[in-house]
Amino acid sequence: MSKFRWNYRSIVFLLSVLDILAILVFYPAKSQAELPKSDVSTTEVEENKAPESVVNQTVDTLIAPVTLKKAPNDLRDRVTPVSQLLQVAPPTNKKAPNNGAGQVTSVSQLSDIKPTDWAFQALQSLVERYGVIAGYTDGTFKGDRSLTRYEFAAGLNAALDRLNELIATSTTDLVKREDLDTIKKLQEQFSPELAQLRGRVDSLEARSAKLEATQFTTTTKLIGRSQIVFGEVLAGNNVVTKRPAPHNATLQGSTSLRLNTSFNGKDSLGITIGGGNIESLGQTRAGLLGTYEGRTADNSSITFARNTLILSGVRYRFLPFPNTQVNIYPLSDGASEIGLSGPINPYFESSSATGANGISRFSRRSLVYNYGDSGPGIAVLQGLGKQLQLGLAYSAPNGGNPTTNNGLFTGRYLALAQLIYYSSNRNFRVAATYVNTYSPPNTLGFSGTNFGPAVGSNLVNSTVPGASTVGNLYGLQAFYQVNPKFAVNAWVSYAAHRYLGRGDGEAMDWAVGLAFPDLFSEGALGGVLVGMEPKMISLSKGVDLGAGAGQADKDTSLHVEAFYQYRIGDNIEVTPGLIWITAPNSDASNPDSLFAWVRTVFRF
């Protein structure tokens, strides 16, 4: 009894505990331990973002990506890269629910609690004197929602913990014996729930310890993407043999695995491994159609055997300054993976994390981004205020090859400079791009070409045997988000080729794309693009690229593409589409080509 009387004299908290019980009944607040699953997952996503997304958020003022569609919580990186950068998409007016609970220190922090509320004084005392009330992170208390017995037990448990704390501090203020008896009775009444709550916490701690002991890594996140593609040529000839192309349906696929690692929370190491058997419909004077025109975005690398697992990307990104992002890559598809082209064509572009949206390679980007194959290099994205971004990049497609006419500085290279302007509300952006590129004679990159964009006519992808080639490329690209469900992008590009010792040539391409987010269904995406793939518009008389001396492309070929991307849940999407090419290989004597493509993507 003496011990009880000593506690009785030392407690100031007992009377306020009754206030706690009243508040819990009429104005209940959830404890962290009792958040429903949806709330917990939301909190975990916010607190455990992928390392790359941390980097990208830091440079958000540089890249200002738009969100293309709702991304799965565990996938949309979406680094995706400064492209995500990635990944990428239209602004939305919808706000994500914010259900996480957080400790408040003043009742004024709870926007839905007013001084006229009957429990205001009790709540004020519990918040400001005892610190045992938690509110939601959106600044509300939500006092009118129902209370479960488990939630009541959690609140009572918090009150008891605070009671023990005050006992330990030997506070001398007195409270009524009746209040202490009430607390004791409530503790006995809810003892089963309190015991079960403690058991659940113990179980969670054991499971957490097991996960920590067996997890792969605390710093690395695995992103997987598999796709199954159904395709068929519906009409068209091989432009070289002039014979009809086989109309055989195919079912092919590919898989990529990406490891994203952060070492300090402001950097990112991305490693991509993948392989597949998706055949290209054509290459320069080779393949099913005998031309790169209409090349799909899903093709496996031409230079690697099918169904072979290859290392397709290694890139380290860090932020030396808040508005500066540096990318060092021994192997990377520079334009899209680094984020040079994504911001001005977000609905058709692709990234290593999300894959392609447009069906064709041409619909993703203009020729200024396509002359360099995957290879080593460095890129810097520098923010110039809130509305300008400067991008500088140097890539050497054969920079990992130490043989003659190869290497990082003595072989094929691409040097790029780009300035992007963003409107203040980010719904409009325009980019001006310049590229200088050089290819030694008789060298091939991963795309199977020595020089050229690996899309468009055969002449624009050809060189003079034994001669080095220099290119100066100029591009102007623009994107406008008219409203959340409609966007327009367009570009025009010009390339000046110099075949050293032989003469000059000129190439061009242009395109206009229309995107329809949430078309027919939330998260869906419709796209239509019309353009002219790269073609040789003029050629010096002394240059023969395979059609005769001084012979450029004589006709105009149009590329018409349409696709509809439908999402099945968060991790599966199906994209049927059509590609129609008029006057293939810029030759009106060739009948139009038409092929169907259905891509099903699984993300994990």
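Residues numbered from 1 in each chain as written. Predicted model: local features only at pLDDT ≥ 70, side-chain atom pairs only at ≥ 80, totals over all residues. Heavy atoms only, no water.

**With respect to the packing of aromatic side chains**
Thought 1: Applying the stated criterion across every chain, the model contains 13 aromatic pairs.
Thought 2: With a centroid separation of 6.4 Å and 65° between ring planes, the pair formed by phenylalanine 428 and tyrosine 480 is classed as edge-to-face. Of this pair, phenylalanine 428 sits in strand S13 (residues 428-439) while tyrosine 480 is found in strand S14 (residues 469-483), placing the two residues 52 residues apart along the sequence.
Thought 3: Under the relative-accessibility criterion, phenylalanine 428 is labelled partly exposed at 30%.
Thought 4: The cationic tip of arginine 426 hangs over the ring face of tyrosine 422; the distance from NZ or CZ to the ring centre is 4.9 Å. (Phe/Tyr/Trp six-rings, centres within 6.5 Å; stacked < 30°, edge-to-face > 60°. Helix = DSSP H or I, 4+ residues; strand = E, 2+ residues; numbered from the N terminus. Buried < 20%, exposed > 50% of the residue type's maximum accessible area, 1.4 Å probe, protein only. Lys NZ or Arg CZ within 6 Å of the ring centre and 35° of its normal.)

**Points about the side chain of threonine 261**
Thought 1: As for its position among the elements, threonine 261 is in strand S4 (residues 250-261).
Thought 2: For threonine 261, a relative accessible area of 10% puts it in the buried group.
Thought 3: A polar side-chain atom of threonine 261 sits 2.7 Å from a polar atom in the side chain of threonine 220. (Polar contact = N/O pair within 3.5 Å; in protein donor to acceptor, adjacent residues only side chain to side chain.)

**Quick look at the pattern of salt bridges**
A side chain of one charge can pair with a side chain of the opposite charge when the charged atoms of the two come close.
Thought 1: Counted by the stated rule, this structure contains 8 salt bridges.
Thought 2: The closest approach of N and O atoms between arginine 567 and aspartate 570, which form a salt bridge, is 3.8 Å.
Thought 3: Taking the relative accessible area as the measure of exposure, arginine 567 reaches 10% and is therefore buried.
Thought 4: In this structure, a network of salt bridges that share partners links the residues Lys242, Lys554 and Asp587. (Salt bridge = Lys/Arg side-chain N within 4 Å of Asp/Glu carboxyl O.)

**Let's talk about a nonpolar patch on the surface**
Thought 1: A cluster of nonpolar side chains, contributed by Leu476, Val492, Trp510, Val512, Val528, Val530 and Leu558, occupies part of the molecular surface with about 490 Å² of accessible area.
Thought 2: Looking at the nonpolar patch, the elements that each hand over two or more residues are strand S16 (503-517) and strand S17 (525-539).
Thought 3: For valine 528, a relative accessible area of 33% corresponds to the partly exposed category. (Patch = residues over 30% accessible without salt bridge, like charges linked within 9 Å, V, L, I, M, F, W, Y side chains within 5 Å. Areas by Shrake-Rupley, 256 points an atom, 1.4 Å probe, with all protein chains shown as cover.)

**Focus on unusual backbone geometry**
Thought 1: With a phi close to 70°, phenylalanine 520 is a non-glycine residue in the positive phi region.
Thought 2: Inspection of the secondary structure puts phenylalanine 520 in the loop between S16 and S17.
Thought 3: For alanine 583, which is not glycine, the phi torsion reads 45° and is therefore positive.

**Considering the pairing of strand S12 (residues 413-422)**
Thought 1: Burial along S12 is one-sided: the residues Leu414, Leu416, Gln418, Ile420 and Tyr422 are buried and none of Tyr413, Ala415, Ala417, Leu419 and Tyr421 is.
Thought 2: Both strand S11 (residues 388-395) and S12 contribute to a ladder of 8 bridges, which runs antiparallel. Bridge pairing in S12 places serine 395 opposite leucine 414.
Thought 3: Examined bridge by bridge, S12 and S13 share 10 bridges and lie antiparallel to one another. Across the sheet, the residue bridging to leucine 416 is valine 435, located in S13.
Thought 4: In this structure, the hairpin formed by S12 and S13 is closed by a connection of 5 residues, where arginine 426 is found at a positive phi of approximately 70°. (Pairing = 2+ DSSP bridges.)

**Focus on the pairing of strand S19 (residues 572-581)**
Thought 1: What you see with S19 is a clean split: Glu573, Thr575, Gly577, Ile579 and Ile581 sit on the buried side and Ile572, Val574, Pro576, Leu578 and Trp580 on the side with no burial.
Thought 2: Taking the residues between adjacent antiparallel strands as the criterion, strand S18 (residues 559-568) and S19 are bridged by 3 residues, where glycine 569 takes a positive phi near 75°.
Thought 3: Note that S19 and strand S20 (residues 593-603) share 10 bridges and pair antiparallel. Residue pairing in the sheet places isoleucine 579 in a bridge with phenylalanine 595 of S20.

**Considerations on the nonpolar core**
Thought 1: Ranked by internal contacts, the top residues of the largest apolar core, which has 31 residues, are Tyr371, Leu416, Leu473, Tyr499, Met536, Leu539 and Leu545.
Thought 2: Among the secondary structure elements, those contributing two or more residues to this core are strand S10 (375-383), S12, S13, strand S15 (486-499) and S17.
Thought 3: The biggest single contributor to this core is S12, with 4 residues. (Core = buried A, V, L, I, M, F, W, Y, C linked by side-chain atoms within 4.5 Å.)

**Some remarks on the environment of threonine 296**
Thought 1: Relative to the helices and strands, threonine 296 is located in the loop between strand S5 (267-276) and strand S6 (310-321).
Thought 2: Taking the C-alpha atoms as reference, threonine 296 lies 7.7 Å from leucine 281; in sequence the two are 15 residues apart.
Thought 3: The residues touching threonine 296, leaving out its near neighbours within four places in the chain, are Leu281, Ile359, Ser360, Arg361, Ile579 and Trp597. (Contact = heavy atoms within 4.5 Å.)

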